[in-house]
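An overview of the molecular structure
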Amino acid sequence: RETICSHEGWSWEDPLTHGNRVSSLRSDVSADVWVTANRQIVRWDGTAWVEMEVPFAPFALSGTSRTDVWIAGMDSTGIVVSHWNGGAWSAPVMIAGGAPYYGRLWAHATDDAWLLVAGRLYHWDGTSWTDRSPDGGVWTQLWHTASEPWLYSSTDQLERWDGTAWQSVSLPAPVPSETGLVEL
């Protein structure tokens, strides 16, 4: 069992004795921590890690509260998402066919979530998921500020969502093609 501690008193302890790799983590309070690792989800309830039953193999997780958590993953039909409302997971919703080479999920509000998968960006508006990918490039990275998503493409294109449309943002210098943009 491995434990990593910070000088502020926080520690991370691998909850799974078989050492699965963590792919997503979300928390808003110390008694509500969610982790996806190796096709499963575990949740810290304040006293113990509890394995959550999910209807597919998750690869991304995000949420705004204990009653607003999204997961994205794969099932036999392709890429799907499901929502936790505090008591149960919603039925999985198909987003796209095929297998993703990358998946990133960001929930900003109950009616505002973004999923980047297989080079495309999808948006939840409180009713449905729609493709909101800007033109050009294969989108490889999704970041966000407190209120807006940013996208980066394989062709060094950077875009910012202003609430109604995508705006191109110039990078200060060429990004080395062998490394690409890692963090924003």
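What this report covers is the structure whose coordinates are included nearby. Since the model is a prediction, treat every value here as computed from it, not as a measurement. (Residues numbered from 1 in each chain as written. Predicted model: local features only at pLDDT ≥ 70, side-chain atom pairs only at ≥ 80, totals over all residues. Heavy atoms only, no water.)

Focus on the overall build of the chain
Within the chain one finds zero helices and 18 strands. Buried positions account for 41% of the 184 residues belonging to the chain. Considering only intrachain contacts with a sequence separation of at least 6, the fraction spanning at least 24 residues in the chain is 31%. On the chain, roughly 9800 Å² of surface is accessible, and the fraction owed to carbon and sulfur atoms is 51%. (Helix = DSSP H or I, 4+ residues; strand = E, 2+ residues; numbered from the N terminus. Buried < 20%, exposed > 50% of the residue type's maximum accessible area, 1.4 Å probe, protein only. Contact = heavy atoms within 4.5 Å. Areas by Shrake-Rupley, 256 points an atom, 1.4 Å probe, with all protein chains shown as cover.)

Section: the environment of Gly 103
If you trace the backbone, Gly 103 turns up in strand S11 (residues 103-109). With 43 residues separating them in the primary sequence, Gly 103 and Ala 60 have C-alpha atoms 6.3 Å apart. Excluding anything up to four places from it in sequence, Gly 103 contacts Phe 59, Ala 60 and Leu 116.

Concerning the sheet that holds strand S17 (residues 158-161)
The four strands are arranged S15-S16-S17-S18 in an open sheet whose pairing can be described as antiparallel. Unpaired on one side and paired on the other, strand S15 (139-144) and strand S18 (166-169) mark the two borders of the sheet. Between one strand axis and the next, the sheet turns by 25° as a mean value, whatever way the strands run. Summarising the sheet, S15 and strand S16 (residues 149-153) pair through five bridges and their orientation is antiparallel. Looking at S16, one finds that Trp 143 is bridged to Trp 150. (Pairing = 2+ DSSP bridges. Axes fitted to C-alpha atoms, helices over the stretch in contact; angles between N-to-C directions.)

Regarding the nonpolar core
In terms of nonpolar packing, the biggest core is built from 16 residues, with Trp 70, Ala 72, Val 81, Ile 95, Leu 105, Leu 115 and Trp 129 touching the most fellow members. Looking at this core element by element, the count peaks at three residues for strand S12 (residues 112-117). Look past the residues within four positions of Val 81 in its chain and what remains in contact with it is Phe 56, Trp 70, Ile 71, Ala 72, Ala 91, Pro 92, Val 93, Ile 95, Leu 115 and Trp 129. With eleven residues, the next largest nonpolar core counts Ile 41, Met 52, Ile 71 and Val 80 among its residues. (Core = buried A, V, L, I, M, F, W, Y, C linked by side-chain atoms within 4.5 Å.)

With respect to the sheet that holds S11
Strand pairing in a sheet takes place through backbone hydrogen bonds and is either antiparallel or parallel in direction. In space, the four strands of this open sheet follow the order S11-S12-S13-S14, with antiparallel pairing throughout. Edge positions in the open sheet fall to S11 and strand S14 (129-131), since each of these has one partner strand only. Looking at each pair of strands side by side, their axes are set apart by 20° on average, direction ignored. Pairing of strand S13 (residues 120-124) with S14 involves three bridges; the strand directions are antiparallel. What sits directly across from His 123, in S14, is Thr 130.

Things to note about the side chain of His 83
Its location among the elements puts His 83 in strand S9 (residues 78-84). Of the polar contacts made by the side chain of His 83, one reaches the side chain of Asp 68; its length is 2.7 Å. Ignoring anything within four residues of it in the chain, the contact list for His 83 reads Thr 67, Asp 68, Val 69, Trp 70, Ala 88, Trp 89 and Ser 90. (Polar contact = N/O pair within 3.5 Å; in protein donor to acceptor, adjacent residues only side chain to side chain.)

Considering the packing of aromatic side chains
All told, the structure shown has eight aromatic pairs when counted by the stated rule. Where Trp 114 meets Trp 166, the ring centres are 6.0 Å apart and the plane angle is 70°; that geometry is what we call edge-to-face. You can see Trp 114 sitting in strand S12 and its partner Trp 166 sitting in strand S18, a full 52 residues away along the chain. On the accessibility criterion, Trp 114 (1% relative accessible area) is buried. Aromatic ring contacts, followed pair by pair, group Trp 70, Trp 124 and Trp 129 into a single cluster. (Phe/Tyr/Trp six-rings, centres within 6.5 Å; stacked < 30°, edge-to-face > 60°.)

Things to note about the pairing of S16
In terms of burial, S16 is largely enclosed, as five of its five residues are buried. The alternating pattern of S16 places Pro 149, Leu 151 and Ser 153 and Trp 150 and Tyr 152 on opposite faces, both of which are buried. Taking the residues between adjacent antiparallel strands as the criterion, S15 and S16 are bridged by four residues. Sheet analysis places S16 next to S17, joined by three bridges and oriented antiparallel. Residue pairing in the sheet places Trp 150 in a bridge with Arg 160 of S17. Following S16, the chain reverses through four residues before pairing antiparallel with S17; Asp 156 in that reversal takes a positive phi of roughly 60°.

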